[in-house]
Amino acid sequence: MTRSDVAIPGQATAAGSGASATERFRTDKSPFTTVQNTAKQRVNLLACEVLDSVRATIRKHDVSYAEYNVLKAWLIQVGQDGEWPLFLDVWLEHVVEEVATRHRHGSKGSIEGPYYVPGAPELAARATLPMRDGERGEPLVWEGALRSTDGRPLAGKLELWQADSDGYYSQFAPGIPEWNLRGSFSIGSDGEFAITTIHPAPYQIPTDGSCGKLISAAGWHAWRPAHLHVKVSAPRHEVLTAQLYFPGDPHLNDDIASAVKPELMLNPTVQPDGSQKVVYDFTLDAIDD
Ligand code: MBD
Ligand code: FE
């Protein structure tokens, strides 16, 4: 048994958040039906290309048996730690997102990451995100509007999830109330919303698991800039998944997950009461039928 197999009660571990993220994925995305329906030619094409690029790297750099076995051990451990969702979302999802949304004219999106949970508590269009008494972190008020690309206001739903001021997400770290800093805002036909929350902390992906091992072995860092996650939807429009960032964050230019875009920057201003306010609107692409 390895160290990361042992969950210490009450303490956030890579294996703990990995197990939760893996279970979440199995529950929500039920991937196997679509895999079974994929044409053989497509599987053959993609699998051959990926394998050929790995073979080319082995030849080009004279990869040794020792290195091959280190890779084998590491891949086995990623599974044992439950860190495949983290690995894939940090190093590959941004390209999938780019390809999936490049036809859009509305707001830019970004990756979902491993910590989205559907079914968050429903809130009014003007509401405070569920949080603990005395939740730490700078107060933040966010006002915005939801529109279609033709400029019409849209009624819809804005789901928001974020890390707390320690950088932890509810349901993926122990000791946090189930829906803390997660909510689903119901937006009326005027398209307007006003959300009260706290400033999230910059986020370090777990360093004590396999992904952390790769990061330190390669001399990288584990940081993501502080971010708010959103999923915005309206009838007959494409769902927008995005992340929003704060100016001046030290990791805007070297996000480990490559998920920052200039269109996703917030514009905080300090209010008379000392709280921060941001204004950020969304424009959704209509689904034409
Ligand atoms: C996160 O909070 C996140 O947003 C991503 C993309 C990956 C790991 C942790
Ligand atoms: Fe995140």
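The model shown is predicted, which means the values in this text are computed figures rather than measured ones.

Points about the overall build of the protein
Thinking step 1. Counting its secondary structure elements, the protein contains 7 helices and 13 strands.
Thinking step 2. Taken over C-alpha atoms, the radius of gyration comes to 21 Å for the protein, in line with the 19 Å a tight globule of 289 residues would show.
Thinking step 3. Considered along the principal axes of its C-alpha atoms, the protein spans approximately 60 × 50 × 35 Å.
Thinking step 4. Within the protein, the proportion of its 289 residues that are buried is 43%.
Thinking step 5. Once local pairs closer than 6 in sequence are excluded, the contacts in the protein between residues at least 24 apart make up 74%.

Quick word on the UniProt feature "domain: Intradiol ring-cleavage dioxygenases" (unreviewed entry) in the protein
Thinking step 1. If you check UniProt for "domain: Intradiol ring-cleavage dioxygenases" (unreviewed entry), the listed places come out as residues 111-285 in our numbering.
Thinking step 2. End C-alpha atoms of residues 111-285 are separated by 17 Å, and the span's content is 5% helix alongside 35% strand.

Regarding the packing of aromatic side chains
Thinking step 1. Counted under the stated rule, the structure contains 14 aromatic pairs.
Thinking step 2. Note on Trp142 and Phe193: the rings are 5.4 Å apart at their centroids and 85 degrees apart in plane angle, and the pair reads as edge-to-face. Note that Trp142 is positioned in strand E3 (residues 139-148) and Phe193 in strand E6 (residues 192-198), a separation of 51 residues in sequence.
Thinking step 3. The class of Phe193 is buried, set by a relative accessible area of 1%.
Thinking step 4. Pairwise contacts between aromatic rings join Trp74, Trp84, Phe87, Trp91 and Trp220 into one cluster.
Thinking step 5. Stacked on the ring of Tyr116, the Lys or Arg Lys231 has its end atom at 4.8 Å from the ring centre.

What about the sheet that holds strand E10 (residues 240-245)?
Thinking step 1. Spatially, E1-E5-E4-E9-E10 is the arrangement adopted by the 5 strands of the open sheet, whose pairing is mixed. Edge positions in the sheet fall to strand E1 (122-123) and E10, since each has one partner strand and no second.
Thinking step 2. As paired strands, strand E4 (residues 156-162) and strand E9 (residues 227-233) are joined by 6 bridges and run antiparallel to one another. Looking at E9, one finds that Gln162 is bridged to Leu228.

Digging into the UniProt feature "domain: Catechol dioxygenase N-terminal" (unreviewed entry) in the protein
Thinking step 1. According to UniProt, the feature "domain: Catechol dioxygenase N-terminal" (unreviewed entry) maps to residues 41-107 in the numbering used here.
Thinking step 2. When the span residues 41-107 is considered, its composition is 79% helix and 0% strand, and the gap between its end C-alpha atoms is 34 Å.

Structural notes on the environment of Asp81
Thinking step 1. Position of Asp81 among the secondary structure elements: in the loop between helix H4 (65-80) and helix H5 (84-91).
Thinking step 2. Judged by relative accessible area, Asp81 falls into the buried class, the value being 1%.
Thinking step 3. Spatially, the C-alpha atoms of Asp81 and Glu97 are 25 Å apart, while their sequence positions differ by 16 residues.

Quick notes on the nonpolar core
Thinking step 1. The biggest cluster of nonpolar side chains holds 55 residues, and the ones touching the most others in it are Trp142, Leu158, Leu160, Ile205 and Phe282.
Thinking step 2. Other than its neighbours up to four places away in sequence, Ile205 contacts Leu86, Val90, Cys211, Ile215, Ala222, Arg224 and Ile256.

A look at a nonpolar patch on the surface
Thinking step 1. Taken together, the side chains of Val50, Val54, Ile58, Val63, Tyr65 and Tyr68 present a nonpolar region at the surface, about 580 Å² in accessible area.
Thinking step 2. At the level of elements, helix H3 (40-60) and H4 are the ones that each hand at least two residues to the nonpolar patch.
Thinking step 3. Per element, the largest residue contribution to the nonpolar patch is 3 residues, and it comes from H3.

Some remarks on empty space enclosed by the protein
Thinking step 1. Summed over all chains, the structure comprises 3 cavities of 30 Å³ or more.
Thinking step 2. Of the voids in this model, the largest cavity is the one considered here, and its volume is about 110 Å³.
Thinking step 3. Along the wall of the largest cavity there are 15 residues; nearest its centre are Gly113, Pro114, Tyr115, Tyr203 and Arg224.
Thinking step 4. Every element with two or more residues in the lining of the largest cavity is listed here: H5 and E9.
Thinking step 5. By residue number, the principal contributor to the lining of the largest cavity is H5, which donates 3 residues.
Thinking step 6. The class makeup of the residues in the lining of the largest cavity is 9 nonpolar, 4 polar and 2 charged.

About the cut-offs
- Residues numbered from 1 in each chain as written.
- Chains lettered and ligands numbered in written order.
- Predicted model: local features only at pLDDT ≥ 70, side-chain atom pairs only at ≥ 80, totals over all residues.
- Heavy atoms only, no water.
- Helix = DSSP H or I, 4+ residues; strand = E, 2+ residues; numbered from the N terminus.
- Rg over C-alpha atoms; globule rule 2.2 N^0.38 Å.
- Buried < 20%, exposed > 50% of the residue type's maximum accessible area, 1.4 Å probe, protein only.
- Contact = heavy atoms within 4.5 Å.
- UniProt positions renumbered as here; feature names shortened; annotations may be inferred.
- Phe/Tyr/Trp six-rings, centres within 6.5 Å; stacked < 30°, edge-to-face > 60°.
- Lys NZ or Arg CZ within 6 Å of the ring centre and 35° of its normal.
- Pairing = 2+ DSSP bridges.
- Core = buried A, V, L, I, M, F, W, Y, C linked by side-chain atoms within 4.5 Å.
- Patch = residues over 30% accessible without salt bridge, like charges linked within 9 Å, V, L, I, M, F, W, Y side chains within 5 Å.
- Areas by Shrake-Rupley, 256 points an atom, 1.4 Å probe, with all protein chains shown as cover.
- Salt bridge = Lys/Arg side-chain N within 4 Å of Asp/Glu carboxyl O.
- 1 Å grid on protein atoms, 1.4 Å probe; cavity = no way out; pocket = protein on both sides within 12 Å on 5 of 7 lines; lining within 4 Å.
- Points joined across faces, edges and corners; volume = space filled by probe spheres on them.
- Nonpolar A, V, L, I, M, F, W, Y, C, P; charged D, E, K, R; others polar.

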